[in-house]
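Each chain, letter by letter, is given below.
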Amino acid sequence: MQRSRLAATLVAAATVAGAAAVVAATAHAQTGTSTGLDNNWYAAAPYLMPQSNNPPDPVTVMNATGQKAFQLAFILAPKSGGCSPTWDGTSPVSSDTTVGDAINRIRGNGGDVSVSVGGYGGTKLGQTCGTVDATAAAYQQVVAKYNLKAIDFDLEEPEYEDTAAIANELGAAKKLQADNPGLFVSVTMPGTAAGTGWFGTQLLDQAKSIGFSPNNFSIMPFDGGFNGGGASQVSALEAFHGLLQSHLGWDSDTAYAHEGFSGMNGKSDTSEYFNISDFQTVYDYATSHHLGRFTFWAVNRDRQCTTTTDNSVCSNVQQNDWDFTKFTTRFAGATPPQTTPPTSPTSPTSNPPGTCSAPEWQKTQVYTAGTLVSHNSHKWTAKWWTQGEEPGTTGQWGVWTDNGGC
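Only a predicted model underlies this, so the values are computations on that prediction, with no experimental measurement involved.

Student: Could you give an account of unusual backbone geometry, with specific residues and numbers?
Tutor: Residues Glu-157 and Pro-158 are joined by a peptide bond in cis, for which omega reads -15 degrees. Note that Pro-158 resides in the loop between β6 (150-154) and α7 (163-179). The residue after Trp-297, namely Ala-298, is reached through a cis peptide bond having omega 0 degrees. Phi is positive for Asp-88, close to 60 degrees, though the residue is something other than glycine. Tracing the backbone through its elements, the reader meets Asp-88 in the loop between β3 (86-87) and β4 (91-92). Of note in the backbone geometry, Asn-147 takes a positive phi value of approximately 50 degrees without being a glycine.

Structure follows, in structure tokens:
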């Protein structure tokens, strides 16, 4: 399915957030190690184009949302031809430093990345490499270069209709899975009201014929037939669940566990609109049916349009920055911080002897890092976002620092 991927003006990377992030990023650059998050994070990594479509600073997004993983896009064959991996068909992976620096900053801030190969448009390695082994070798360069723990095969037009190319891609995915134990492998394909189209079912049949079972098969229910918003997307996901059962021979629970949603936030290329409420509808379905993946295109668009309506860099719907990313954070099991933390109760203008000057802790109040409260005649400082965790109570997660008696 088509997605807006216009080559917008590149922006310089934002300042590294804090000296600790600089030190950590440098260490990762020197050692080449990856943080290795759990699979929940790789299954909840939203797409981000790191070199085009006015990329936001990933560390800013991480700090604002609690997100830890991103799906970097896209690896393609060179526009000039050949079987070597490039970013967007133009920047060779072998000599890349720009994306590598972004990955180091993400890892330095406690996160990690998956890399997506393919996408809509451009020439794919499965079309040019000729064989499964050659295609796998090209992708292995990407895995090795960035010490990847996860990779996504985004199989779309025109490769999607090329039987030989799809055979190369799926064969390469299977080989990468075998050669890199623990590698999280997802396959993303177009979605239709019937779950996926004829070429999608052929893709499932091809995977079964070679004995390839990725961690996840995701559909993209947008760009045609989804004017019903979240409800129509849920219907497509349920239909796809049936296809996973009938084409792969999986039982219902196995099919749900290997099924994923790859949505589009805001206005689609065919003028469908997916608002926060639509994402909530799909999120509720995904979590209640224990789907294995929840992602979207793209973080580059996860902000309200102001000076432009360019669909590649903003959503064209009402939102706060990074509202859609908070769904992937929640899907991974983390709690996003509030966009605008509520104000703490007003401190009294005067305090009787022996009382605390800080506001009394409230069970329903949301507190963020650095907030000072009083409780049981002690002063306490929040280490991070918290709600309902009583200062000084045993069994808590150590969110409060005891500053002593008042």
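From this point, the narrative continues.
Student: Account for the pairing of strand β2 (residues 69-76), naming residues and giving values.
Tutor: In terms of residue burial, β2 counts as a mostly covered element, since 8 of its 8 residues are buried. Here 2 bridges tie strand β1 (residues 47-48) to β2, and the two strands are oriented parallel to one another. Residue Leu-48 lies in a different strand from β2, and its bridge partner there is Leu-72. Crossover β1 to β2 through helix α3 (residues 58-65) is right-handed. Relative to strand β5 (residues 112-118), β2 runs parallel, the two being bridged by 6 bridges. Bridged to Phe-70 within β5 is Val-113. For β2 and β3, the ladder comprises 2 bridges, and the chain directions are antiparallel. What sits directly across from Leu-76, in β3, is Thr-86.

Student: An account of α7 is needed here, citing residue identities and associated values.
Tutor: Between the first and last C-alpha of α7 there are 24 Å, a value that for 17 residues agrees with the 24 Å anticipated at 1.5 Å per step. Ala-165, Ile-166, Asn-168, Glu-169, Leu-170, Gly-171, Ala-172, Ala-173 and Leu-176 are the residues of α7 that are buried. Buried residues in α7 make contact with α5 (125-128), α6 (132-146), β6, β7 (184-190) and α8 (198-209).

Student: Kindly report on the state of the cysteines, identifying the contributing residues and their values.
Tutor: One pass over the full model with this rule turns up 2 disulfides. A disulfide bridge connects Cys-305 with Cys-314, and the sulfur atoms are separated by 2.0 Å. The sign of the 95 degrees torsion about the S-S bond sets the Cys-305-Cys-314 disulfide as right-handed. Accessibility classification places Cys-305 together with Cys-314 in one group, the buried group.

Student: I'd like to hear about the pairing of β6, residue by residue, with values.
Tutor: When you tally the buried positions in β6, you get 5 out of 5 residues, the bulk of the element. The two faces of β6 match: Ala-150, Asp-152 and Asp-154 on one face and Ile-151 and Phe-153 on the other face are all buried. Pairing of β5 with β6, which is carried by 4 bridges, proceeds in the parallel orientation. Bridged to Val-115 within β6 is Ile-151. Note that β6 and β7 share 5 bridges and pair parallel. The residue of β7 that forms the bridge with Ala-150 is Phe-184. Note that the unit made of β6, α7 and β7 has a crossover that is right-handed.

Student: Explain the side chain of Ser-315 to me, and be specific about the residues and the numbers.
Tutor: In this structure, Ser-315 sits in the loop between β12 (293-297) and α12 (325-331). Setting aside chain neighbours within four positions, we find Ser-315 in contact with Asn-265, Gly-266, Lys-267, Arg-301, Arg-303, Gln-304 and Cys-305.

Parameters and conventions
Residues numbered from 1 in each chain as written. Predicted model: local features only at pLDDT ≥ 70, side-chain atom pairs only at ≥ 80, totals over all residues. Heavy atoms only, no water. Helix = DSSP H or I, 4+ residues; strand = E, 2+ residues; numbered from the N terminus. Buried < 20%, exposed > 50% of the residue type's maximum accessible area, 1.4 Å probe, protein only. Pairing = 2+ DSSP bridges. Right-handed = clockwise from strand over helix to strand, strands pointing away. Expected span 1.5 Å × (residues − 1). Contact = heavy atoms within 4.5 Å. Disulfide = S-S within 2.5 Å.

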